[in-house]
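Descriptive analysis of the structure
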Amino acid sequence: MEVKPFKKLKLYGFNNLTKTLSFNMYDICYAKTPEHRDAYIKYIDEEYNAERLTNILTEVARIIGANILNIAKQDYDPQGASVTMLIAEEECQPGKPPDKDPFDPMLAKNGKPLPEAVVAHLDKSHITVHTYPESHPHGGISTFRADIDVSTCGQISPLKALNYLMSSFCSDIVTVDYRVRGFTRDVNGRKYFIDHKINSIQNYINRKTRDLYQMIDVNVYQEKIFHTKMLLKDFDLDNYLFGTAKKELSFSEKRKIKQRLKKEMAEIFYGQNITKI
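As the structure is a computational prediction, the values presented were derived from the model and not from experiment.

**Section: the confidence of the model for the protein**
Across the protein, the average pLDDT comes to 82, with 83% of residues at 70 or higher. Within the protein, the element-level pLDDT minimum falls on helix α3 (residues 115-121), averaging 26, and the maximum on strand β10 (residues 225-232), averaging 97. Confidence drops under a pLDDT of 50 for residues 92-124, and excluding neighbours within four residues, the segment shows 31 contacts in the predicted structure.

**A short note on the environment of Tyr132**
Relative to the elements of secondary structure, Tyr132 occurs in strand β4 (residues 126-135). Of the residues examined, Tyr132 reaches a relative accessible area of 36% and is grouped as partly exposed. Along the primary structure Tyr132 and Asp147 are separated by 15 residues, whereas in three dimensions their C-alpha atoms are 8.3 Å apart. What Tyr132 contacts, discounting residues up to four positions off in sequence, is Thr143, Phe144, Arg145 and Asp147.

**What to know about helix α6 (residues 251-270)**
An α-helical segment advances 3.6 residues per turn. Residues three or four places apart therefore align on the same side. Taking 1.5 Å of rise per residue, the 20 residues of α6 would be expected to cover 28 Å, and the 28 Å separating its terminal C-alpha atoms lies within 8% of that figure. Considered for burial, the residues of α6 that qualify are Ile257, Leu261, Met265, Ala266, Glu267 and Phe269. Trailing α6 by a residue or two, Gly271 shows a phi angle of about 70°, which is positive.

**What to know about the packing of aromatic side chains**
The full count for this structure, using the stated rule, is 10 aromatic pairs. The interplanar angle of 80° and the centroid separation of 5.4 Å between the aromatic rings of Tyr40 and Phe242 together place this pair among those described as edge-to-face. Of this pair, Tyr40 sits in helix α1 (residues 34-47) while Phe242 sits in the loop between β10 and α6; the two residues are 202 residues apart in sequence, bridging distant segments of the chain. Residue Phe242 is classed as partly exposed on the basis of its relative accessible area, which comes to 21%. Linked through ring pairs, Phe23, Tyr48, Phe144 and Phe169 together constitute an aromatic cluster. Just above the ring of Tyr192 sits the side chain of Arg190; from NZ or CZ to the centre is 5.5 Å. Cation over ring: Lys191 sits above Phe183, and NZ or CZ is 5.7 Å from the ring centre.

How each quantity is defined
Residues numbered from 1 in each chain as written. Predicted model: local features only at pLDDT ≥ 70, side-chain atom pairs only at ≥ 80, totals over all residues. Heavy atoms only, no water. pLDDT = per-residue confidence, 0-100. Helix = DSSP H or I, 4+ residues; strand = E, 2+ residues; numbered from the N terminus. Contact = heavy atoms within 4.5 Å. Buried < 20%, exposed > 50% of the residue type's maximum accessible area, 1.4 Å probe, protein only. Expected span 1.5 Å × (residues − 1). Phe/Tyr/Trp six-rings, centres within 6.5 Å; stacked < 30°, edge-to-face > 60°. Lys NZ or Arg CZ within 6 Å of the ring centre and 35° of its normal.

Next up, the structure:
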């Protein structure tokens, strides 16, 4: 999805705006027995292990036009995984010859920055993902949550990767936050607190995906804060059962499970505990 910049915006120096996309998704299921719940957690840990998450974030970096400088990844015991990438907007180029202190420890011979200097300079651009699989010991509800943050400085925008992220996870509920921080100057010294057009995150989600979800916006335009919540419209119990087939359940069981699942999803979507649904 194209991110439309302001026309004829000539900047003085580097673009100092920081753009951050926070993508938070949930997968909900019903696992009837402790064995089913353990199997669900194991399935999630295998499906979204650190290696696959790294591949997803690598593609995100490619889509937004960023270069990966460093990757740190970890699978956790008993469950969950994390990946952090340090990224730059442009390929790392040799630095200019030092014009002050030729013995500056941050500079190597011929003016080329040492790796530590590059990391220190670019540590505001990064992509991270953390996963949180969990289950309720009594109600049979199990959830998988993935939090992804894509933070960039410069002209590139993480909004370009939003549709790819949504297609990479099977999401019943999605919350997306987009923030623009700081300011940059044009050649005349005028400050710009945003360098592209946006009035809703929904504008950057393709129509096919939008049609699948109930969506709510909470935007604070003057503060460059945009928030969209998404809840899957269709509910088919078959899609939410793990380890149990719908035909194995009585009518009463199916009704109770459906109520529990819908209550769980509503509470996550609205961010509060609900007594009845």
